[in-house]
Amino acid sequence: MPRVFSGIQPTGDLHLGNLLGAVRNWVQDQHVADSFYCVVDLHALTVPKEPGEVGRSSLEMAQTLLACGLDPDVCTLFVQSHVREHSELAWLIQCVTSIGELRRMTQFKDKADKQDFVSAGLFTYPALQAADILLYDTDRVPVGEDQRQHIELTRDVAERFNARYGNTFVIPEATVPRAGARVMDLQVPTDKMSKSADSDAGVVYLMEDLAATARKFKRAVTDSDGDVRFDPATKPGVSNLLSILGAVTDRSPEDLADEYTQYGPLKSDTADAVVEVLRPIQERFAELVEDPTGTGELLAIGAEKATAVASDVYRRAVDQVGLLPRV
Ligand code: ATP
Ligand code: LTN
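On a predicted model such as this, the values are computed, not experimentally measured, just so you know.

Close to ligand 1 lie 21 residues; His15, Asp146, Val183, Lys192 and Ser194 are nearest. At 2.8 Å from an oxygen atom of ligand 1 is found a main-chain nitrogen or oxygen belonging to glycine 144. Within the contact set of ligand 1, a nitrogen atom lies 2.8 Å away from a backbone nitrogen or oxygen of valine 183. Relative to its unbound accessible area of 600 Å², ligand 1 is 94% covered by the protein chains.

Right, dumping it as structure tokens:
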């Protein structure tokens, strides 16, 4: 079975972009691959956080992922800081990553522009992400379009490490879904749907009131030419609705466009389809929050399974570098 690894930061609430771009594919992959999914709490610390905040949101993120359908009997779900090899390998990876490569990361540029205090961790973040992936001999990394650049960097540094120290790491590949790879904001359809948007009006949160979800779709920004066509460049709002409806109904946006002549029915059908996807997720989440200890125990088992793989790969990397063994 191929090995799959992906991660998600425990920051903010999960939205439809995260579900369609990433998590939904994790749920599918867990049945066909040996899958490791990680709540990357150390990544969340790259921007300032209140004491205790990251711990609380890590538990909530794990509950949300379980509600979305991750099954701890078939995949490994764990928290990054529970497996110390992530931080340890990140150092070795930083030492084969150049400042120039890190400077070219567009996510760094975007996030740094929004911060008063730009931490060194925010800058070196992609090296920690590369360590996350390489620790599991990962073949495939299911992510949304915005993460492609980080996976490319992971491949480059893994190849550099292998060239310098001898074959050590498996070279991973990004798998970006055909539909839903880039869900756009319903109010600003030229921007990706993001937790860090200025306004919530265009962001569909998985756990929000479903009446509010339907309202957001009805108020979605379209355009004034009244023609239903899939053309993201000139018709970003309408194309986004078609992409979302396509992703949740497993149809192509172009085919769907042929079935609509007006924006109103497209908006309400998209709203209805999304609400039907979110409803069972919200029901499962409500059950899971009743039993936080249960989720904590699942995460402990996940950390144990992850450590078994990560400690072997980390040891292999240290041996290849040739650090003096402690006797
Ligand atoms: P932020 O926007 O605050 O940086 P985010 O909403 O992008 O956060 P992440 O935790 O960075 O969320 O992303 C988790 C996963 O969701 C990644 O695989 C990412 O590619 C995917 N993803 C995030 N936003 C979208 C989107 N709008 N469309 C499709 N996939 C997305
Ligand atoms: N950088 C990613 C989160 C992330 C990740 C990973 C994704 C951290 N480590 C390893 C895939 C594999 C993000 O911001 N979405």
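Having seen the structure, we can now continue with the description.
Moving on, we come to the environment of leucine 65. Tracing the sequence through the fold places leucine 65 in helix α3 (residues 53-68). With a relative accessible area of 0%, leucine 65 lands in the buried category. Expressed as a C-alpha distance, the spacing of leucine 65 and alanine 112, which sit 47 residues apart in the sequence, is 28 Å. For leucine 65, the contacting residues outside a window of four places in its chain are Ile8, Leu14, Val23, Trp26, Val39, Leu70 and Leu77.

Another aspect to go through is the environment of lysine 192. Topologically, lysine 192 is positioned in the loop between β5 (173-175) and α9 (210-218). Sequence spacing of lysine 192 and glycine 17 is 175 residues, and the spatial spacing of their C-alpha atoms is 8.0 Å. The residues contacting lysine 192, other than those within four sequence positions of it, are Asp146, Arg182, Val183, Met184 and Asp185.

What follows deals with the pattern of salt bridges. One pass over the structure, following the stated rule, counts 16 salt bridges. With a shortest N-O distance of 3.4 Å, arginine 229 and aspartate 231 are connected by a salt bridge. Through salt bridges with shared partners, one network takes in Asp223, Asp225, Asp227, Arg229, Asp231 and Lys235.

Quick look at the pairing of strand β1 (residues 3-8) now. Among the 6 residues in β1, 5 count as buried, and that is most of the element. Pairing geometry for β1 and strand β2 (residues 34-39), over 6 bridges, is parallel. Bridged to phenylalanine 5 within β2 is phenylalanine 36. Crossover β1 to β2 through helix α1 (residues 16-29) is right-handed.

Next up on the list: the site of ligand 2. Residues in contact with ligand 2 amount to 15 residues; listed here are only the nearest, Gln9, Tyr125, Gln129, Asp132 and Gln147. Glutamine 129 is positioned such that a nitrogen or oxygen atom in its side chain is 2.7 Å from a nitrogen atom of ligand 2. Protein chains bury 92% of the 370 Å² of accessible surface belonging to ligand 2 in isolation. Going through the elements one at a time, β1 and α7 (120-134) are the ones with two or more residues in the shell around ligand 2. Split by residue class, the shell around ligand 2 holds 6 nonpolar, 8 polar and 1 charged.

Those residues of helix α4 (residues 85-94) that fall on the buried side of the exposure criterion are Glu85, His86, Leu89, Ala90, Leu92 and Ile93. Seen from one end, α4 has its buried residues packed into an arc of 165°, which puts them on one side.

What counts and what doesn't
- Residues numbered from 1 in each chain as written.
- Chains lettered and ligands numbered in written order.
- Predicted model: local features only at pLDDT ≥ 70, side-chain atom pairs only at ≥ 80, totals over all residues.
- Heavy atoms only, no water.
- Near = heavy atom within 4 Å.
- Polar contact = N/O pair within 3.5 Å; in protein donor to acceptor, adjacent residues only side chain to side chain.
- Areas by Shrake-Rupley, 256 points an atom, 1.4 Å probe, with all protein chains shown as cover.
- Helix = DSSP H or I, 4+ residues; strand = E, 2+ residues; numbered from the N terminus.
- Buried < 20%, exposed > 50% of the residue type's maximum accessible area, 1.4 Å probe, protein only.
- Contact = heavy atoms within 4.5 Å.
- Salt bridge = Lys/Arg side-chain N within 4 Å of Asp/Glu carboxyl O.
- Pairing = 2+ DSSP bridges.
- Right-handed = clockwise from strand over helix to strand, strands pointing away.
- Nonpolar A, V, L, I, M, F, W, Y, C, P; charged D, E, K, R; others polar.
- Arc of directions from axis to C-beta.

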